[in-house]
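Results of the structural survey
This is what each chain is made of:
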Amino acid sequence: MNDQALLDIIGGIVSNLKSAISIPIGISNKHIHLSQADFQKLFPNKQMTVLKELNQPGEFASEQTVTAIGPKGELRNIRILGPFRKESQVEFSMTDARQLGLKLPIRLSGEIEHTPGITLKSEFGECTLEKGVIVAKRHIHMSPADAKLLQVTQGECVNVRVNSEGRSIIFEDCAIRIGEKFKLEMHIDTDEANAGNITPQSVARFVE
Ligand SMILES: [Zn+2]
């Protein structure tokens, strides 16, 4: 067998392997990551307390929520996720953005230059963010070992298929996010989940 034939066989095995792996799906409702300084403005002399651990190690939903005030409306009960981040970031669905009267860019978490700001309030305080309000770009978390197995690289965009009751869907533009502590999981928002009738039991699979 020549080298090319062998490479073609290996390529075929890898692509079969990729499409055989089930990727769990996490559906994110609107939420906020806060810097410690911004948290203190909203909750003076109070602590962030854990409501529930999330799937990604170290991440948790806190018991605290805030209200966002947009030009056209308010959204209440926005969950704060911990731990604290260097910079505050608010993640809304496009439906949330419309309700608030905001036009938001689709960004990867952490890429918040030139994004809109917003005013947040709690029953104890208020805080105006100058930037950091985004619609999160859908993405797949994985460890370096998973990335090696799946032959994908940091920041690469892939396509996945999700089978569902009556609304099976293919998502393009899914960014790969590799981290030592990451567990294999795709993150989408509530609009994307609704578009594909996706539930927490649904799984995604790579497609070409
Ligand atoms: Zn994520």
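Starting from 1, residues in each chain are numbered consecutively following that chain's sequence as written. Reporting in this predicted model follows two pLDDT cut-offs: at least 70 for local features of residues, and 80 or more for side-chain atom pairs to be given and counted; totals over whole chains, interfaces and linings ignore these cut-offs and use all residues. Note that water and hydrogens are dropped before the side-chain values are worked out from all heavy atoms of the structure.

A word on the coordination of the zinc ion
Each pair of donors in an ideal four-coordinate tetrahedral metal site encloses 109.5 degrees, whereas pairs in an ideal six-coordinate octahedral site enclose 90 or 180 degrees. We count it as follows: Distances decide who is a donor: an N, O or S atom must be within 2.8 Å of the metal, or within 3.2 Å for Na, K and Ca. Water is not included, so sites may look incomplete. Only runs of H or I of at least four residues qualify as helices and only runs of E of at least two qualify as strands under DSSP, and these elements are numbered from the N terminus. The classification of residues rests on relative accessible area computed with a 1.4 Å probe and restricted to protein chains. Under 20% of the type maximum is buried, over 50% is exposed, and intermediate values are partly exposed.
At this site the zinc ion is bound by His139 (NE2), His141 (NE2) and His187 (ND1), with donor distances of 2.0 to 2.1 Å. The sequence pattern describing where the donors of the zinc ion fall on their chain is H-x1-H-x45-H. Within this pair, whereas His139 is found in strand E11 (residues 139-142), its partner His187 is found in strand E14 (residues 185-189), the two being separated by 48 residues in sequence. There is no split in this pair, since His139 and His187 are both buried.

Quick look at the layout of surface pockets
Note the following rule: A cavity here means a set of points on a 1 Å grid, drawn over the protein atoms and nothing else, where a 1.4 Å probe fits but cannot get out; a pocket is an open set with protein on both sides within 12 Å along at least five of seven lines, and a residue lines either one if it has an atom within 4 Å of a point. Grid points are joined across faces, edges and corners, and a volume is the space filled by probe spheres set on the points. Charged residues are taken to be Asp, Glu, Lys and Arg, nonpolar residues to be Ala, Val, Leu, Ile, Met, Phe, Trp, Tyr, Cys and Pro, and polar residues to be all remaining types, Gly included. Note that domain bounds follow an automatic or database assignment of domains.
Space inside the largest pocket adds up to approximately 1000 Å³. Along its surface, the largest pocket is lined by 41 residues, and Ser28, His31, Leu54, Leu81 and His187 are the ones closest to its centre. Put simply, the parts of the chain that give the lining of the largest pocket at least two residues each are strand E1 (23-28), strand E2 (31-33), strand E3 (50-53), strand E5 (74-82), E11, strand E13 (169-178) and E14. Its residues assigned to classes, the lining of the largest pocket shows 13 nonpolar, 14 polar and 14 charged. Lining the lining of the largest pocket are residues from two domains, each supplying at least three of them: domain 1 (3-24 + 138-207) and domain 2 (27-136). When its volume is computed, the second largest pocket comes out at roughly 190 Å³. Taken together, Phe43, Thr65, Val66, Thr67, Arg76, Asn77, Lys121, Ser122, Glu123 and Phe124 make up the lining of the second largest pocket. Taken together, the residues of the lining of the second largest pocket sort by class into 3 nonpolar, 4 polar and 3 charged.

Some remarks on the domain arrangement of the chain
Using the following cut-off: Contact criterion: two residues are considered in contact whenever any of their non-hydrogen atoms come within 4.5 Å of each other. When two components associate, each loses some accessible surface as probed by a 1.4 Å sphere; the sum of these losses over both components is called the buried area. When a carboxyl oxygen of Asp or Glu is within 4 Å of a side-chain nitrogen of Lys or Arg, the pair counts as a salt bridge. Polar contacts here mean pairs of N or O atoms no more than 3.5 Å apart (in protein, one a potential hydrogen donor and the other a potential acceptor; neighbouring residues in sequence count only if both atoms are side-chain atoms).
Splitting the chain by domain gives domain 1 (3-24 + 138-207) and domain 2 (27-136). Look at where the C-alpha atoms of domain 1 and domain 2 centre, and you get two points 27 Å apart. On the side of domain 2, 14 residues touch domain 1, which itself brings 18 residues to the contact. Regarding the contact of domain 1 and domain 2, the summed buried area is about 1300 Å², with carbon and sulfur atoms giving 51% of it. Our enumeration of links across domain 1 and domain 2 arrives at 0 salt bridges. Linking domain 1 with domain 2 are 8 residue pairs in polar contact (both at pLDDT 80 or more). Only E11, E13, E14 and helix H5 (190-195) provide two or more residues apiece to the side of domain 1 that touches domain 2. A total of 4 residues in the side of domain 1 that touches domain 2 trace back to one element, the largest contributor, which is E14. Here the residues of the side of domain 1 that touches domain 2 are counted per class, giving 6 nonpolar, 5 polar and 7 charged.

Digging into the nonpolar core
Note the following rule: Think of a nonpolar core as a cluster: buried Ala, Val, Leu, Ile, Met, Phe, Trp, Tyr and Cys residues, connected wherever their side-chain atoms sit within 4.5 Å.
Counting residues in hydrophobic clusters, the biggest one holds 24 residues, and the most contacted among them are Ile32, Val66, Ile80, Phe92, Ile118 and Leu120. Among the secondary structure elements, those contributing two or more residues to this core are helix H2 (36-42), strand E4 (60-69), E5, helix H3 (94-100), strand E8 (118-121), strand E9 (126-129) and strand E10 (133-136). Apart from residues no more than four positions distant in its own chain, Ile118 is found in contact with Ala68, Ile69, Val90, Phe92, Leu100, Leu102, Cys127, Thr128, Leu129 and Val133. Counting 21 residues, the second largest nonpolar core, distinct from the first, contains Met142, Val160, Met186 and Ala204.

Comments concerning the side chain of Glu91
Selection rule: Residues scored as positive are Lys and Arg, those scored as negative are Asp and Glu, and His as well as the terminal groups of each chain are ignored.
With respect to the element layout, Glu91 can be found in strand E6 (residues 89-91). Despite being buried, Glu91 has no salt bridge partner; Arg85 is the closest side chain of opposite charge, sitting 4.9 Å away. At 3.1 Å, the side chain of Glu91 forms a polar contact with the side chain of His33. Glu91 has contacts with Lys30, His31, His33, Ser109, Ile134 and Ala136, leaving out every residue within four places of it along the chain.

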